[in-house]
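Given next are the chains, with one letter for each unit.
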Amino acid sequence: MSHSTEVRLQSVLSGCAIIVRGQPRGGPPPERQINLSNVRAGALARRAAQSQPDTKDIPDEPWAFPAREFLRKKIIGKEVCFNVENKTPQGREYGMVYLGKDTSGENIAESLVAEGLATVRREGIRGNNPEQARLCDLEDQAKAARKGMWSEGSGSHTIRELKYSIENPRNFVDAMHQKPVNAIIEHVRDGSVVRALLLPDHYLVTVMLSGVKCPTFKREADGSETPESFAAEAKFFTESRLLQRDVQIILESCPNQVILGTILHPNGNITELLLKEGFARCVDWSMAVYTQGAEKLRAAERAAKERKVRIWKDYVAPTANLDQKDRQFVAKVMQVVNADSIIVKLNSGEYKPIHLSSIRPPRIEGEEKNKDKDKRFRPLYDIPYMFEAREFLRKKLIGKKVNVTVDYIRPATTGGETGNFPERTCATVTIGGINIAEALVSKGLATVIRYRQDDDQRSSHYDELLAAEARAIKNGKGLHSKKEIPIHRVADISGETQKAKQFLPFLQRAGRSEAVVEHVFSGSRLKLYMPKETCLITFLLAGIECPRTSRITASGSQVAEPFSEEATLFTKELVLQREVEVEVESMDKAGNFIGWLHVDGMNLSVALVDGALSKVHFTAERSSYNKTLQSAEEVARQRKDKIWANYEEKPTEEVAALLSEEKERVAKYRAVFVTEITDELHFYAQDVETGAQLENLMETMRAEIAAQPPVEGSYVPRRGDYCIAKFADGDWYRARVDKIESHPSKIHVFYIDYGNKEVLSSTRLAPLPPAFSHKTLAAQAHEYAFAYILVPQDEDARADVVDCLVKDIHNSQCLLNVEYGTGSGCPYVTLQFNDSKDDVGLSLVKEGMVMVEVRKEKHLQKMVTEYLNSQESAKSARLNIWRYGDFRADDADEFGYSR
């Protein structure tokens, strides 16, 4: 007899055979089968081989299953020791097994025989062996007591009616209503897949653990199995805890004939343990059916990742390079960019764009987007449910403080199918304990992104997002609704002068109207959405003069005035995407509405003046807010803050002296070339000094275009674009798109170097090569108006003047001097003929074509007097407009003039 060996029981094969394993050392220990000496128990049922259709299932022998169960319940999972007494040439080992650490423990074979669950093999018994003699005595006692197989009857009641397959697994699982079912784990295929015997009906089913997946054993072509990394360890982990244990199983779902479930054991949940120890990873497709709390599984997986155990040994967290303060912080929402993107303001004052993790905003397919090419595509209003999603976020978040937890950083992408995107910080954003992304998804206003199983860059609340999407689909919410898609017909009347004129009286009568600030162009210029009127308007703040931001005009780029950026930021922080009230007073010639804007009871014009970011404009005098504005400006002036930083209040005497001092008119004539005269009696001229530069640029540009002609019709013009246009002479010129009519063949362009306008077909337009843009050489056509003269309002009289000027100065070189300006419009100038040096404007007065505008400035009085004297001479001679005498007293308006 060999020495006794101490081991742990792995499983019970039958009433007389067990599998044991030693202590694990650096991996799963090897298995060893031990058969009990001198006894025999009934054989358990065996399923027919699937590859041999002629064979039949073999049922249990009587009392075989009770014998196995007796042995299983007595010794499974416990320490045993054994002596090997005999080993056959085939390697089968027979011996005595004892419960405990040595042979003084309970003899398992004797216990079986005493209960009548095994018979003694008497043919091999020797008379001098006391252990064998004791087995015979115990068997005789069992027979006498009619125990087990020695009881009356055939023992047929001990034979199980095993069911190896289920006809309709889905109905079977549904019938269980997710209630715990008693079961015995009969086999462990890998760490997350087991074969279980369901009691009391003896269904033998394969169950896959919901929500997780362990490394598996890959079957090769030759039939062998290759374990993935940690597959054997995961299998041993599950075997050592569940194999042949009494458990309860919650059957949770049955997709594609695969039964998903959760195994409950008194010592814990094996699914969570596998994750915690790094033997498994979470899987999204089955996580949704897990009934014991998906967040526990994610937490267990997260703990394993942090410890970098087993399958996570090389794991690097998506936010590993971020400091704790950058991973989790509180910030104020300043703008909702999109249905999945916001801009927040950190405590440091920095602005940071944040994308909501793992969700996709509403989108539109390419075919739908291109369906109506004549209509300008506006994502906010044209993509179904985009407006609803944006509004949901705007009403919930704008101006509120939120908790931001960064989940991952998406690196910048360039080119490829995904297009160009900057680096994106993706995070979970919560307010009042509500996950904003989850709320969006649950309302059907966003969808959840699906990832590869090994893609760890996802929301930390991914399962809640999936569950919210499932609810939205079930309830037919938003994007998942079968109802008609909501349509938003929003008219944009920004810059549409005629439409604005029609709309103005309505807004004036309405008093205070509700609006939402959609965009802030500058401190005093905004774009508003009027919800009741469903239109977009450009709105200018009344009563103030705000520093201008940098902008590009026909004459080139204008540099930003000091504090313009601060004023813009001030207005953005106060009103962007907020609900406001507006009072419309008037509109300008460009179709922009002018009035007062109130947010939370505050007048924005007053707030800008009070913040020393704007001055009071003289137009405020007729407003009811004038006193408030003046007092706010006075306070800001006294503080000497921002725009008033260099303000010095001059003594009364000095001011008086300055006023009394007569300023001299400055005459600095320069050579210009007149290229265009407008119907309003304005004209465009080029500086002769830069004429050579323009000629060189045009020559080079046309040569390049001739070498690489543009593809006709490939250019899609947009209002405000700089482009090249083919003029009637067949040559290309630099131009700007001023207006696009609904019909694609009507594009209004302005030739930036010559001042003339034209309506063209889009086929005569092409992109402006960057090398010849207005940044390389500024627009050469500058707009001017004649000083000291009044423009006739009567169309016929004005047409006569224009004809006269076209004949005299169009396409000719003249001398120009700036006399005065209006602050915002074009300069007012005098123009001299290049040869005679005669004043062009004065010639018009002398010929009785126009009337004189009397200016009050002292330094201009000499010129005004000269013009008035010429006017008196024309009047005396009854020339042109004076042919009926002096009509100014009573009927100037009738003749198209106003004083």
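Per an unreviewed UniProt entry, the protein chain goes by Staphylococcal nuclease domain-containing protein and derives from Denticeps clupeoides. If you open the UniProt record of the protein chain and go to Catalytic activity (unreviewed entry), you find "Endonucleolytic cleavage to nucleoside 3'-phosphates and 3'-phosphooligonucleotide end-products." A UniProt comment under Subcellular location (unreviewed entry) is attached to the protein chain, and it reads "Cytoplasm".

One finds Ile342, Ile354, Ile359, Leu397, Val429 and Leu440 to be the most contacted residues of the largest nonpolar core, which totals 49 residues. Take this core: its biggest share by element is 6 residues, from helix 12 (residues 386-397). For Ile354, the contacting residues outside a window of four places in its chain are Phe329, Asp340, Ser341, Ile342, Val344, Val404, Thr425, Ala427 and Val429.

Moving on to helix 20 (residues 691-707). The terminal C-alpha atoms of helix 20 lie 25 Å apart, and with 17 residues this matches the ideal 24 Å at 1.5 Å per residue to within 8%. Within the span of helix 20, buried status applies to Leu694, Leu697, Met698, Met701 and Ile705. In an axial view of helix 20, the angular spread of the buried residues amounts to 100°, which keeps them on one side of the axis. Of the exposed residues in helix 20, those oriented more than 90 degrees away from the buried face are Glu695, Glu699, Ala706 and Ala707. Where helix 20 is buried, its residues touch strand 38 (682-687), strand 39 (722-726) and strand 40 (732-740).

Considering only enclosed or pocket space, the second largest pocket measures out at about 1200 Å³ in volume. As for the second largest pocket, its lining consists of 42 residues, and the residues nearest its centre are Arg302, Lys305, Tyr315, Pro318 and Asp456. If you list the elements that add at least two residues to the lining of the second largest pocket, you get strand 17 (281-282), helix 8 (294-307), helix 9 (324-327), strand 22 (401-410) and helix 14 (462-475). Of the residues forming the lining of the second largest pocket, the biggest block, 6 residues, is contributed by helix 8. Looking at the lining of the second largest pocket residue by residue, the classes come out as 13 nonpolar, 9 polar and 20 charged.

Turning our eyes to something else, we now look at a negative patch on the surface. On the surface, Asp794, Glu795, Asp796, Asp800 and Asp803 cluster together into a negatively charged patch. With a relative accessible area of 45%, Asp800 lands in the partly exposed category.

Turning our attention to the environment of Ala707. Counting through the fold element by element, Ala707 comes out in helix 20. On the basis of relative accessible area, Ala707 is assigned to the exposed category, the value being 62%. Between the C-alpha atom of Ala707 and that of Ser442, which follows or precedes it by 265 residues, the distance is 57 Å.

So, on to the packing of aromatic side chains. Taken as a whole and assessed by the stated rule, the structure comprises 20 aromatic pairs. Ring geometry for Tyr381 against Phe387: centres 5.8 Å apart, planes inclined by 35°, an arrangement best described as tilted. Accessibility expressed as a relative area gives 8% for Tyr381, which makes it buried. Where Phe503 meets Phe506, the ring centres are 5.7 Å apart and the plane angle is 25°; that geometry is what we call stacked. Remark: Phe506 and Phe503 occur in helix 15 (residues 497-510); sequence separation between them is 3 residues, near one turn of the helix. The exposure class assigned to Phe503 is buried, which follows from its relative accessible area of 15%. An aromatic cluster is defined as three or more aromatic residues linked by ring pairs; in this entry it consists of Phe727, Tyr733, Tyr751 and Tyr754. Taking NZ or CZ as reference, Lys235 lies 5.6 Å from the ring centre of Phe217, over its face. The ring centre of Trp644 lies 5.2 Å from the NZ or CZ of Arg637, which sits over that ring.

Time to look at the pattern of salt bridges. All chains considered together, the criterion is met by 42 salt bridges. In this structure, the salt-bridge partner of Arg219 is Glu225, at a minimum N-O distance of 3.2 Å. When the shortest N-O distance is used, the salt bridge between Glu277 and Arg310 registers 3.4 Å. In this pair, Glu277 is assigned in the loop between helix 6 (270-276) and strand 17 and Arg310 in the loop between helix 8 and helix 9, connecting sequence segments 33 residues apart. Accessibility expressed as a relative area gives 24% for Glu277, which makes it partly exposed. Here the salt bridges share partners, and the residues they tie into one network are Asp284, Arg298, Glu301, Lys305, Arg458 and Asp463.

What follows deals with the confidence of the model for the protein chain. Of all residues in the protein chain, 92% have pLDDT values of 70 or greater, and the mean over the chain is 86. Within the protein chain, helix 19 (residues 652-660) has the poorest average pLDDT of any element, 45, and strand 9 (residues 193-198) the best, 95. Every residue in residues 889-899 is under pLDDT 50, and counting partners more than four places away or in other chains gives 19 contacts.

Attention now moves to unusual backbone geometry. In this structure, Pro200 follows Leu199 across a cis peptide bond, with omega equal to 5°. Within the secondary structure, Pro200 is located in the loop between strand 9 and strand 10 (203-209). Not every positive phi belongs to a glycine, and Asp600 is a case in point at roughly 50°. The residue Asp600 is located in the loop between strand 34 (593-599) and strand 35 (602-603) in this model.

Here we take up the pairing of strand 14 (residues 246-253). Counted residue by residue, strand 14 has 6 buried out of 8 residues, so it is predominantly covered. The pairing of strand 8 (residues 181-190) with strand 14 spans 4 bridges and is classified as antiparallel. In the sheet register, Val181 faces strand 14, and the bridge partner there is Ile249. Both strand 14 and strand 15 (residues 259-265) contribute to a ladder of 5 bridges, which runs antiparallel. Bridging across to strand 15, Ile250 finds its partner in Thr262. Counted between consecutive antiparallel strands, the loop separating strand 14 from strand 15 contains 5 residues, among which Asn256 sits at a positive phi close to 50°.

Right, let's talk about the side chain of Glu252 for a bit. Tracing the sequence through the fold places Glu252 in strand 14. There is a polar contact of 2.9 Å between the side chain of Glu252 and the side chain of Thr262. In terms of polar contacts, Glu252 uses its side chain to reach the side chain of Thr291, at 2.6 Å.

All right, on to the sheet that holds strand 47 (residues 828-833) then. An order of 37-38-44-47-46 is seen for the 5 strands of this closed barrel, with the pairing classed as mixed. Taking the axes of each pair of neighbouring strands and ignoring which way they run, one obtains an average angle of 60° across the sheet. With 4 bridges connecting them, strand 38 and strand 44 (residues 782-786) associate as antiparallel partners. What sits directly across from Tyr684, in strand 44, is Glu783.

Before going further, it helps to examine the sheet that holds strand 41 (residues 747-751). Within a sheet, neighbouring strands are paired by backbone hydrogen bonds and run either parallel or antiparallel to one another. Strands sit in the order 42-41-40-39-43 across an open sheet of 5 strands; the sheet is antiparallel. Unpaired on one side and paired on the other, strand 42 (757-760) and strand 43 (765-767) mark the two borders of the sheet. If you compare each strand with its neighbour and ignore which way they point, the axes differ by 45° on average. Docked against the sheet, helix 20 engages strand 39 and strand 40, running at close to 85° with respect to strand 40.

For helix 21 (residues 795-809), spanning 15 residues, the distance from its first C-alpha to its last is 21 Å, which sits close to the expected 21 Å at 1.5 Å a residue. Regarding helix 21, the residues found buried are Ala797, Arg798, Val801, Val802, Cys804, Leu805 and Ile809. Along the axis of helix 21, the buried residues cluster in a sector spanning 160°; they form a single face. Relative to its buried face, helix 21 has exposed residues pointing more than 90 degrees away, namely Glu795, Asp796, Asp803 and Lys807. On its buried face, helix 21 sits against strand 37 (670-677), strand 44, strand 46 (812-820), strand 47 and helix 22 (840-846). Positive backbone phi, approximately 60°, marks Asn811, located one or two places after helix 21.

Analysis parameters
Residues numbered from 1 in each chain as written. Predicted model: local features only at pLDDT ≥ 70, side-chain atom pairs only at ≥ 80, totals over all residues. Heavy atoms only, no water. UniProt positions renumbered as here; feature names shortened; annotations may be inferred. Core = buried A, V, L, I, M, F, W, Y, C linked by side-chain atoms within 4.5 Å. Buried < 20%, exposed > 50% of the residue type's maximum accessible area, 1.4 Å probe, protein only. Helix = DSSP H or I, 4+ residues; strand = E, 2+ residues; numbered from the N terminus. Contact = heavy atoms within 4.5 Å. Expected span 1.5 Å × (residues − 1). Arc of directions from axis to C-beta. 1 Å grid on protein atoms, 1.4 Å probe; cavity = no way out; pocket = protein on both sides within 12 Å on 5 of 7 lines; lining within 4 Å. Points joined across faces, edges and corners; volume = space filled by probe spheres on them. Nonpolar A, V, L, I, M, F, W, Y, C, P; charged D, E, K, R; others polar. Patch = residues over 30% accessible without salt bridge, like charges linked within 9 Å, V, L, I, M, F, W, Y side chains within 5 Å. Areas by Shrake-Rupley, 256 points an atom, 1.4 Å probe, with all protein chains shown as cover. Salt bridge = Lys/Arg side-chain N within 4 Å of Asp/Glu carboxyl O. Lys, Arg positive; Asp, Glu negative; His and termini not counted. Charge placed at Lys NZ, Arg CZ, Asp CG, Glu CD. Phe/Tyr/Trp six-rings, centres within 6.5 Å; stacked < 30°, edge-to-face > 60°. Lys NZ or Arg CZ within 6 Å of the ring centre and 35° of its normal. pLDDT = per-residue confidence, 0-100. Pairing = 2+ DSSP bridges. Polar contact = N/O pair within 3.5 Å; in protein donor to acceptor, adjacent residues only side chain to side chain. Axes fitted to C-alpha atoms, helices over the stretch in contact; angles between N-to-C directions.

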